[in-house]
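Reading the structure
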Amino acid sequence: MTMCNITLNGKKTKFLPGKTILENTRDHGVKIPVLCSHEALKPYGACRLCIVEIEEQGRKQIVTSCNSHVRDGMKIKTHSPRVQKIRKTLVELLLARTPEAAVEQQLARDIGVKATPYPEQGELCIMCGQCVRTCREIVGACALDFVHKGSKRSVAVPFFRDSKECIGCGSCVFVCPTGVVSMHDEISDVRGEPERIMDKWETRLPLQKCSSDGNVFATRRMLEHFARKHEVSEGFLETCSHCLRKGNTK
Ligand code: SF4
Ligand code: FES
């Protein structure tokens, strides 16, 4: 493969042409702050924290490194004064939106922001979109989306109520960097059966009991979703993976 000749922060080096600027700089040990980027998801380009300054044929511009590819002869500065200034303002704005989010506080410490000059909004969601994109791109359930615009923008299930699309897999809980998405399992007051409650999405889903050991192991909707998408072994819908592995099916 023909490598691209790049000047990274003043040093001549080689970059892989099929990779983004962010991926290449990481391979070279240069750390660029990110918020909306996740290696399992497609580049999204929303938070803008990963900006770098590039120069080609004498023309300089600021681009987001997570969704920009390299070209031969490019000069890249990851921490130029112009980049640092914009990044600082972005972190100050994010810190104003979500002052309690640990991920923002860490970012602020990393780039030397001590406080925000903007009015605090007290949100917890940093709008990274990782829950929405994981649900869509990895799980294929498409239960979540962004609603409203500007400062009212947030993530929600359709019509803000018990969702028919949510399968209760918990991927959004796992991927959310702030912990604002949560779920818990409990015995339903109405049916007396175990249920999973997706707290933020106001969705309740019946849990499946293993036909072999009697323990609850997944929501029924999640098992049906994966059974539709993949060829599943006999007993998949009724038996937990522990018993399936041991061959204990009924
Ligand atoms: S709920 Fe969590 S994962 Fe979803 S956009 Fe907000 S911070 Fe990101
Ligand atoms: S990490 Fe590139 S825009 Fe968010």
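Remember, it's a predicted structure, so these values are computed and weren't measured experimentally.

1. Remarks on the overall build of the chain
Counting secondary structure elements, the chain contains 7 helices and 11 strands. In terms of overall dimensions, the chain is more spread out than a globule: its C-alpha atoms have a radius of gyration of 23 Å, far above the 18 Å expected for 250 residues. Based on the C-alpha atoms only, the size of the chain along its principal axes is roughly 70 × 50 × 30 Å. Burial analysis of the chain (250 residues in total) assigns 41% to the buried set. A separation threshold of at least 6 residues defines the contact pool for the chain, and within that pool the share at least 24 residues apart is 47%. Roughly 14,400 Å² of accessible area belongs to the chain as shown, and the carbon and sulfur atoms make up 51% of that amount. Looking at the chain, you have 39 positive and 29 negative side-chain charges, and the mean spots of the two groups are 8 Å apart.

2. Brief notes about the domain arrangement of the chain
Split into domains, the chain comes out as domain 1 (4–111) and domain 2 (130–246). Computed from C-alpha coordinates alone, the two centres of domain 1 and domain 2 are separated by 34 Å. If you look at the interface, domain 1 gives 11 residues, while domain 2 gives 11 residues. In this assembly, domain 1 packs against domain 2 so that about 880 Å² is buried in total across both faces, 52% of it on carbon and sulfur atoms. Here domain 1 and domain 2 share 0 salt bridges between them. Across the side of domain 1 that touches domain 2, the residue classes break down as 7 nonpolar, 2 polar and 2 charged.

3. A closer look at the sheet that holds strand 3 (residues 51–56)
Read from one edge of the open sheet, 5 strands run 2-1-5-3-4, paired in mixed fashion. In this open sheet, the two edge strands, each paired with only one partner strand, are strand 2 (11–15) and strand 4 (59–64). Direction aside, neighbouring strands of the sheet carry axes that sit 35° apart on average. Contacting strand 3, strand 4 and strand 5 (75–77), helix 2 (residues 81–97) crosses the sheet at an angle of about 150° to strand 3.

4. Considerations on a positive patch on the surface
Positive charge collects at one region of the surface, where Lys12, Lys60, Lys75 and Lys77 lie side by side. Inspection of the secondary structure assignment puts lysine 12 in strand 2.

5. Here we look at the packing of helix 2 against helix 3 (residues 102–111)
For any two helices packed against each other, one specifies the inter-axial angle together with the distance between the axes. Closest axis-to-axis distance for the helix 2/helix 3 pair is 10 Å, and the angle between their directions is 150°. With respect to each other, helix 2 and helix 3 are oriented roughly antiparallel. Relative to helix 3, helix 2 is oriented so that their crossing is left-handed. Residues Arg87, Lys88, Val91, Leu94 and Leu95 of helix 2 pack against Glu104, Gln105, Leu107, Ala108 and Ile111 of helix 3.

6. Here we look at helix 2
Taking 1.5 Å of rise per residue, the 17 residues of helix 2 would be expected to cover 24 Å, and the 25 Å separating its terminal C-alpha atoms lies within 8% of that figure. If you check which residues of helix 2 are buried, you get Val83, Arg87, Leu90, Val91, Glu92, Leu94, Leu95, Ala96 and Arg97. The elements touched by buried residues of helix 2 are strand 3, strand 4, strand 5 and helix 3.

7. What about the pattern of salt bridges?
Considering all chains together, one arrives at 9 salt bridges under this definition. Residues arginine 71 and glutamate 56 are paired through a salt bridge, measuring 2.8 Å at the closest nitrogen-oxygen approach. Of this pair, arginine 71 sits in the loop between strand 4 and strand 5 while glutamate 56 sits in strand 3, and the two are 15 residues apart along the sequence. One network of salt bridges, in which partners are shared, links Glu186, Arg191, Glu195 and Arg204.

8. What about the sheet that holds strand 11 (residues 216–219)?
With respect to topology, 4 strands assemble into an open sheet ordered 8-9-10-11, the strand pairing being antiparallel. Two strands in the sheet have a free side with no partner beyond their single neighbour: strand 8 (183–187) and strand 11. Each neighbouring strand pair of the sheet contributes to a mean axis angle of 35°, computed without reference to strand direction. Where strand 8 meets strand 9 (residues 194–198), 5 bridges bridge the pair, whose relative direction is antiparallel. When the sheet's bridge partners are listed, methionine 183 is paired in strand 9 with methionine 198. In this fold helix 6 (residues 220–229) packs onto strand 10 (203–209) and strand 11, with an angle of close to 65° to the strand it touches most, strand 11.

9. Describing the environment of valine 175
With respect to the helices, strands and loops of the structure, valine 175 is situated in helix 5 (residues 171–175). For valine 175, a relative accessible area of 12% corresponds to the buried category. Taking the C-alpha atoms as reference points, valine 175 and glycine 10, separated by 165 residues in sequence, lie 36 Å from one another. Leaving out residues up to four positions away in the same chain, valine 175 has contacts with His38, Gln130, Cys131 and Thr134.

Thresholds, definitions, all that
Residues numbered from 1 in each chain as written. Chains lettered and ligands numbered in written order. Predicted model: local features only at pLDDT ≥ 70, side-chain atom pairs only at ≥ 80, totals over all residues. Heavy atoms only, no water. Helix = DSSP H or I, 4+ residues; strand = E, 2+ residues; numbered from the N terminus. Rg over C-alpha atoms; globule rule 2.2 N^0.38 Å. Buried < 20%, exposed > 50% of the residue type's maximum accessible area, 1.4 Å probe, protein only. Contact = heavy atoms within 4.5 Å. Areas by Shrake-Rupley, 256 points an atom, 1.4 Å probe, with all protein chains shown as cover. Lys, Arg positive; Asp, Glu negative; His and termini not counted. Charge placed at Lys NZ, Arg CZ, Asp CG, Glu CD. Domains from an automatic or database assignment. Buried area = accessible area lost by both parts, 1.4 Å probe. Salt bridge = Lys/Arg side-chain N within 4 Å of Asp/Glu carboxyl O. Nonpolar A, V, L, I, M, F, W, Y, C, P; charged D, E, K, R; others polar. Pairing = 2+ DSSP bridges. Axes fitted to C-alpha atoms, helices over the stretch in contact; angles between N-to-C directions. Patch = residues over 30% accessible without salt bridge, like charges linked within 9 Å, V, L, I, M, F, W, Y side chains within 5 Å. Parallel < 35°, antiparallel > 145°, perpendicular 65-115°, else oblique. Left-handed = near helix turned anticlockwise from the far one by under 90°. Expected span 1.5 Å × (residues − 1).

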